[in-house]
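# What the coordinates show
Here are the chains, one letter per residue:
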Amino acid sequence: MDDRNVSLLKWPGGNVTSTYKWEDAVGPVEERPIRPNVVWDGLDPNLMGTAEYVEFCELTDVEPTITVGVTVPPEDGGRDLQPPEPITPEDAANWVEYCNGDADTEYGALRAEHGYEEPFDVEVWEVGNEVWGEWQFGGTDDAEAFARRANEFVDAMTAVDDSITVIPDGMDPKYDDPNLPNPREWNETVFEIVGENLDGIGMHRYNWGIRDTAEIADWKDRNDADALDYNEVLISFPTQFGDLLSETADQAAAAGLEEFQIVVGEWGLFPTVAEGDPWPGMPTMAGASYVAGMYNAFVRESDVLRRGCHTHLPVRMFPPEHVDYPANPNPLLPVGYTMGLYATVFEGEEDWTVVASDVDGETRDIPETGHRIRAMDDVSYVDTVTVATADDDACCTFLTNRNLRAGTDVTIDVPNTFEEAEATVTVQQPTDDPHAMQHGLGEFPDSWYDWTGLEGYEIDEYEDAVGEDGTLTLHLAPSAVARVRLE
């Protein structure tokens, strides 16, 4: 995490928050109860609780961000699927006091009794996790019921500490799944009812593509497309996501909300493909190109998008089973390296601003794909964003080639301020096919402890100079990701 400059780690999780009772995981470890994990099955021994999470954040220089579960009782509009014990506004307020209260408060004193005299000062709190989903314990598909409940949580939590940032559960406006509430109506209702209590909303974005593989063939026929077209559409989606963020911000502004922010608490590409078709998931450079596109969208919309958490990044979710001793998951997946390529630029104290830029080159159309991707014309294959320090000491351009068939030469018109600068170019590219997977596993056990062996991708880093015409040219293979830093 230090090497990747990770700055945010969502906790205690996603769906599990709907049943998580924070008081089970504080105090002496040997006295903590073991609870059934009714969301993901198995048992939760509560070995990592609030104090351990905060300590971990301190060790890795991560900003603590806690997600509080929300229970909407059936009598108030909630579903019949309820947690073993409801999570109430009082639970949330007590948690805030445990983290941020002085030692002379009831729960601050409990924290001090547990060995932590000084407050944890947790600033950011999300309220609810996919409450709108039919799979969520204590959730609801009634936007008004959630908004009323969210207001109770916000009031109770800010009564304990009015300096905290509280982010209720919103919806991605293109989550048009037939089994979900209307996302725009959900957000509008939250904006209206929570109103001035609202610091922003949480939003999740998963791309599955077309979930029913039998329908992919029909999609290909309708759009005169093949498997690579389908994958290019998925990988090009981040351009559209930037528009969705902007539309949500406009909706909030129309509701009179100021200093509004969006937290994308979960996101990722988990593609469904037809049998026999190439898969553009996280272990591939195709998946890395998707991640780069999302980061580009985040940077472009950074006036409103403040935080984001990729799910399962950067290594395989589960380590190998049935081994004699624990194994490191594997060398970094392509998406893990991509994250560091972006995040490490911002590890210093410099203030960076977005530099307006345009792309002129080959494009493709995005047809409607599943429930979550709408039609969009003339989406550039090469996606890019540029940032510069406020003092014009450094400029950085991030690029990715979302064409899965062909490489391309990219010429950057360097801003006049940096025409005399030296360029450091880093290119992450597939060793062969953009869909080749980075396994990182060889003969047990030696290679499982090797974090440098790469299979599906390679890194090319070199120095270059800006040409006399004020340009710099580099080659991007299919799915390649690049960073050009000028200083």
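## A short note on the overall build of the protein chain
From N to C terminus, the protein chain includes nine helices and 19 strands. At 23 Å, the protein chain has a C-alpha radius of gyration in line with the 23 Å of a compact globule built from 487 residues. Each principal axis of the C-alpha atoms in the protein chain carries an extent, and together these give about 65 × 50 × 50 Å. Expressed as a percentage of the 487 residues in the protein chain, the buried residues total 57%. Residue pairs at least 24 apart in sequence account for 75% of intrachain contacts in the protein chain once pairs closer than 6 positions are excluded. Where the 26 positive side-chain charges of the protein chain centre and where its 101 negative ones centre are 6 Å apart.

## Some words on the side chain of Asn-296
You can see Asn-296 is positioned in helix H8 (residues 285-300). Those residues in contact with Asn-296 that sit more than four places away from it in its chain are Tyr-342, Asp-383, Thr-384, Val-385, Phe-398 and Thr-400.

## A look at the pattern of salt bridges
Evaluated as defined, the whole model comprises 21 salt bridges. Of the charged contacts in the structure, one is a salt bridge between Arg-364 and Asp-229, with a shortest N-O distance of 3.0 Å. Placement of the pair is Arg-364 in strand S11 (residues 363-366) and Asp-229 in helix H7 (residues 227-254), with a sequence separation of 135 residues. By the burial criterion, Arg-364 is buried, and Asp-229 matches it.

## A short note on the sheet that holds strand S10 (residues 352-355)
Read from one edge to the other, the open sheet built from six strands follows the order S10-S13-S14-S19-S16-S17, with strand pairing classed as antiparallel. The two strands at the open ends of the sheet, each matched to only one other strand, are S10 and strand S17 (457-465). Averaged over all neighbouring strand pairs, the angle between strand axes comes to 20 degrees, with direction disregarded. Sheet analysis places strand S14 (residues 395-401) next to strand S19 (residues 481-486), joined by six bridges and oriented antiparallel. Across the sheet, Thr-397 pairs through a bridge with Val-484, a residue of S19. Running at roughly 45 degrees to strand S13 (residues 382-389), H8 makes contact with S10, S13, S14, strand S16 (422-430), S17 and S19 of the sheet.

## With respect to the layout of surface pockets
The computed volume of the second largest pocket comes to approximately 580 Å³. Among the secondary structure elements, those contributing two or more residues to the lining of the second largest pocket are S13, S14, strand S15 (408-413) and S19. In terms of residue class, the lining of the second largest pocket is made up of 14 nonpolar, 11 polar and five charged.

About the thresholds
Residues numbered from 1 in each chain as written. Predicted model: local features only at pLDDT ≥ 70, side-chain atom pairs only at ≥ 80, totals over all residues. Heavy atoms only, no water. Helix = DSSP H or I, 4+ residues; strand = E, 2+ residues; numbered from the N terminus. Rg over C-alpha atoms; globule rule 2.2 N^0.38 Å. Buried < 20%, exposed > 50% of the residue type's maximum accessible area, 1.4 Å probe, protein only. Contact = heavy atoms within 4.5 Å. Lys, Arg positive; Asp, Glu negative; His and termini not counted. Charge placed at Lys NZ, Arg CZ, Asp CG, Glu CD. Salt bridge = Lys/Arg side-chain N within 4 Å of Asp/Glu carboxyl O. Pairing = 2+ DSSP bridges. Axes fitted to C-alpha atoms, helices over the stretch in contact; angles between N-to-C directions. 1 Å grid on protein atoms, 1.4 Å probe; cavity = no way out; pocket = protein on both sides within 12 Å on 5 of 7 lines; lining within 4 Å. Points joined across faces, edges and corners; volume = space filled by probe spheres on them. Nonpolar A, V, L, I, M, F, W, Y, C, P; charged D, E, K, R; others polar.

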